[in-house]
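Survey of secondary and tertiary structure
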Amino acid sequence: MTTTTRGLDPLPPVENVRPGLWSIPVPLPNNSLRYVFVYAFETDRGVYIVDAGWNTEDAYAALESGLATAGYAMTDVCGVIVTHMHPDHYGLAGRIREVSGAWVSLHPADAVLLRDRYDEPEDLLVRVASMLRRFGAPADEIEKLTSSAIPVLQFVKHAQPDVLLEDGERPDVPGWDLKAIWTPGHSPGHLCFWEPRHQLMLSGDHVLPRITPNIPFHPQADENPLGDFLKSLNRMLDYDAAEVLPAHEHRFVGLAQRVEQLTAHHELRFAEVISGIRDGHDTAWEVAARMRWSRSWDSIEGFMRRAAVGEAMAHLLALVHRGVLIETFEGEVARFSLTEQAANSLG
């Protein structure tokens, strides 16, 4: 039986990807990504899952049905291995733990941010407004965008992790040898997982087959999230993956080629940003409005607009760290200009 989302095509089927390993699509409400893949590992103790989905009734039902296809009930879940803290990956983890007694794992860099993000977001909202002023956003946009992520709070059952997974550590999944690979960028604590028996890379949102993950600057990010992401991409080249199992879209082969494509994409974005700076657009807001997006800037609204300008800022800050740009402040607004060396080299 296929699960459908309102007005959209059926979701992909539950699949037995390898012996003892299943992919289960879990629907996302009002989201163009449509679903997140939960990967279920069979063991002699029960089942362990990578990621969980949003905390909605549809998502819970889809996960429950997918587990049943694999021969398990929700009460058989022993561990929830979360790639990162975003709601479509972490949102259901707390509810699953309540039902099954499973442990929940997360990287420490994401775990430390959970309370501010989901339980007590008031201070974070103040910092978001300050960030938008740093971007050079107009006052009316600051008012609209500051709380644009608040609606997703309803899709998260907050659960502090029981297990903190560091880079290189192996979650306790009997009969499997999963290794955590710390890949910051999309979130400060994003983890991929390497499964050596079948040479599988569970890439979360770090490497997707078609779209590029959003790498924004925001108050909970490090100062150079895009620089972190690009370094993390290079780490993928250490693994000869037979297949990549991402959190969205579809499985694919050719990890090294996809890493090259993503790296090249961001180099093109850097060139776009530099062009905007040379044309006199010196704030993140102005640069974002002149970058190429999947649709026109004027049609991008709400949280997606905030994510876009956050991504523009991430590119600007990465160029500062490369020595190409200088960041100066006019009041609270960050303004960017080419370094003398960069200006001379560009002519």
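First, a word on scope: everything that follows refers to the structure included in this document. (Residues numbered from 1 in each chain as written. Predicted model: local features only at pLDDT ≥ 70, side-chain atom pairs only at ≥ 80, totals over all residues. Heavy atoms only, no water.)

Attention shifts here to the side chain of Asp-205. Residue placement: Asp-205 occurs in the loop between β10 (200–204) and α8 (225–235). Buried charge without a salt bridge: Asp-205, with Arg-117 as the nearest opposite-charge side chain at an N-O distance of 10 Å. Polar contacts involving the side chain of Asp-205 include one to the side chain of His-89, which spans 3.1 Å. In this structure the side chain of Asp-205 is engaged in a polar contact, spanning 3.1 Å, whose partner is the side chain of His-248. Setting aside residues up to four positions removed in sequence, Asp-205 forms contacts with His-84, Asp-88, His-89, His-186, His-190, Pro-213, Ala-247 and His-248. (Helix = DSSP H or I, 4+ residues; strand = E, 2+ residues; numbered from the N terminus. Buried < 20%, exposed > 50% of the residue type's maximum accessible area, 1.4 Å probe, protein only. Lys, Arg positive; Asp, Glu negative; His and termini not counted. Salt bridge = Lys/Arg side-chain N within 4 Å of Asp/Glu carboxyl O. Polar contact = N/O pair within 3.5 Å; in protein donor to acceptor, adjacent residues only side chain to side chain. Contact = heavy atoms within 4.5 Å.)

Now for the nonpolar core. Met-201, Met-313 and Leu-316 are the most contacted members of the largest nonpolar core, which totals 54 residues. If you list the elements that add at least two residues to this core, you get α6 (122–135), α7 (139–145), β9 (191–195), α8, α9 (255–278), α10 (284–290), α11 (302–321) and β13 (333–338). Per-element accounting of this core gives the leading share, 9 residues, to α11. Excluding residues within four positions of it along the chain, Met-313 makes contact with Arg-134, Phe-135, Phe-217, Ala-284, Glu-327, Ala-334 and Phe-336. Counting residues in each nonpolar core, the second largest holds 37 residues, with Trp-22, Met-74, Met-85 and Val-156 among its members. (Core = buried A, V, L, I, M, F, W, Y, C linked by side-chain atoms within 4.5 Å.)

With that out of the way, let us pick up empty space enclosed by the protein. Tallied over the full model, the rule gives 2 cavities of 30 Å³ or more. Quantified by volume, the largest cavity comes out at close to 60 Å³. Lining the largest cavity we find Pro-184, Gly-185, His-186, Ser-187, Pro-188, Pro-216, His-218, Ala-221, Asp-222, Pro-225 and Asp-228. Across the lining of the largest cavity, the residue classes break down as 5 nonpolar, 4 polar and 2 charged. Reported here for the second largest cavity is a volume of approximately 30 Å³. Along the walls of the second largest cavity sit Phe-37, Tyr-39, Val-50, Asp-51, Thr-83, Leu-202, Gly-204 and Leu-245, which together make up its complete lining. (1 Å grid on protein atoms, 1.4 Å probe; cavity = no way out; pocket = protein on both sides within 12 Å on 5 of 7 lines; lining within 4 Å. Points joined across faces, edges and corners; volume = space filled by probe spheres on them. Nonpolar A, V, L, I, M, F, W, Y, C, P; charged D, E, K, R; others polar.)

Reading across from one edge, β8-β9-β10-β11 is the order of the 4 strands in this open sheet, with mixed pairing throughout. For this open sheet the edge positions go to β8 (179–182) and β11 (243–246), each flanked by a neighbour on one side alone. In this sheet, adjacent strand axes meet at a mean angle of 25° when their direction is disregarded. Pairing of β9 with β10, which is carried by 3 bridges, proceeds in the antiparallel orientation. Paired with Trp-194 across the strands is Met-201, a residue of β10. (Pairing = 2+ DSSP bridges. Axes fitted to C-alpha atoms, helices over the stretch in contact; angles between N-to-C directions.)

With that settled, consider the packing of aromatic side chains. Counted according to the given criterion, the structure contains 9 aromatic pairs. When the centroid spacing of 4.9 Å and the interplanar angle of 80° are considered together, the rings of Phe-41 and Trp-176 count as edge-to-face. Here the residue Phe-41 occupies a position in strand β3 (residues 35–42), and Trp-176 occupies one in the loop between β7 (163–164) and β8, the gap between them amounting to 135 residues. The buried category is assigned to Phe-41, whose relative accessible area is 0%. Consider the rings of Trp-285 and Trp-297, whose centres lie 5.6 Å apart with planes at 85°: the pair is edge-to-face. Placement of the pair is Trp-285 in helix α10 and Trp-297 in the loop between α10 and α11, with a sequence separation of 12 residues. Since its relative accessible area comes to 11%, Trp-297 is described here as buried. Grouping aromatic residues by their ring pairs yields a cluster made of Tyr-35, Phe-37 and Tyr-39. Taking the ring centre of Tyr-60 as reference, the NZ or CZ of Arg-95 above it sits at 4.0 Å. (Phe/Tyr/Trp six-rings, centres within 6.5 Å; stacked < 30°, edge-to-face > 60°. Lys NZ or Arg CZ within 6 Å of the ring centre and 35° of its normal.)

This part is about unusual backbone geometry. Residues other than glycine seldom take positive phi values, yet Arg-34 does so here, at roughly 75°. Position of Arg-34 among the secondary structure elements: in the loop between β2 (21–27) and β3. Its relative accessible area of 18% is what places Arg-34 among the buried residues. At Glu-249, a position not held by glycine, the phi torsion is positive, near 70°. Its location among the elements puts Glu-249 in the loop between β11 and α9. Judged by relative accessible area, Glu-249 falls into the buried class, the value being 11%.

The subject of this paragraph is the sheet that holds β7. Strands belonging to one sheet form pairs held by backbone hydrogen bonds; the direction of such a pair is parallel or antiparallel. Judged by pairing direction, the sheet is mixed, and its 7 strands sit side by side in the order β1-β2-β3-β4-β5-β6-β7 without closing on themselves. Each of the sheet's edge strands pairs with one partner strand only, and the pair in question is β1 (15–18) and β7. Note: β3 against strand β4 (residues 47–50), 4 bridges, orientation antiparallel. Along β4, the bridge assignment pairs Tyr-39 with Val-50. Strands in contact with helix α1 (residues 57–69) are β2, β3, β4 and β5 (77–81); relative to β2, the strand with the most contacts, it is inclined by about 160°. Across the sheet, helix α3 (residues 93–100) lies against β4, β5 and β6 (103–106), angled at about 165° from β5, the strand it touches most.

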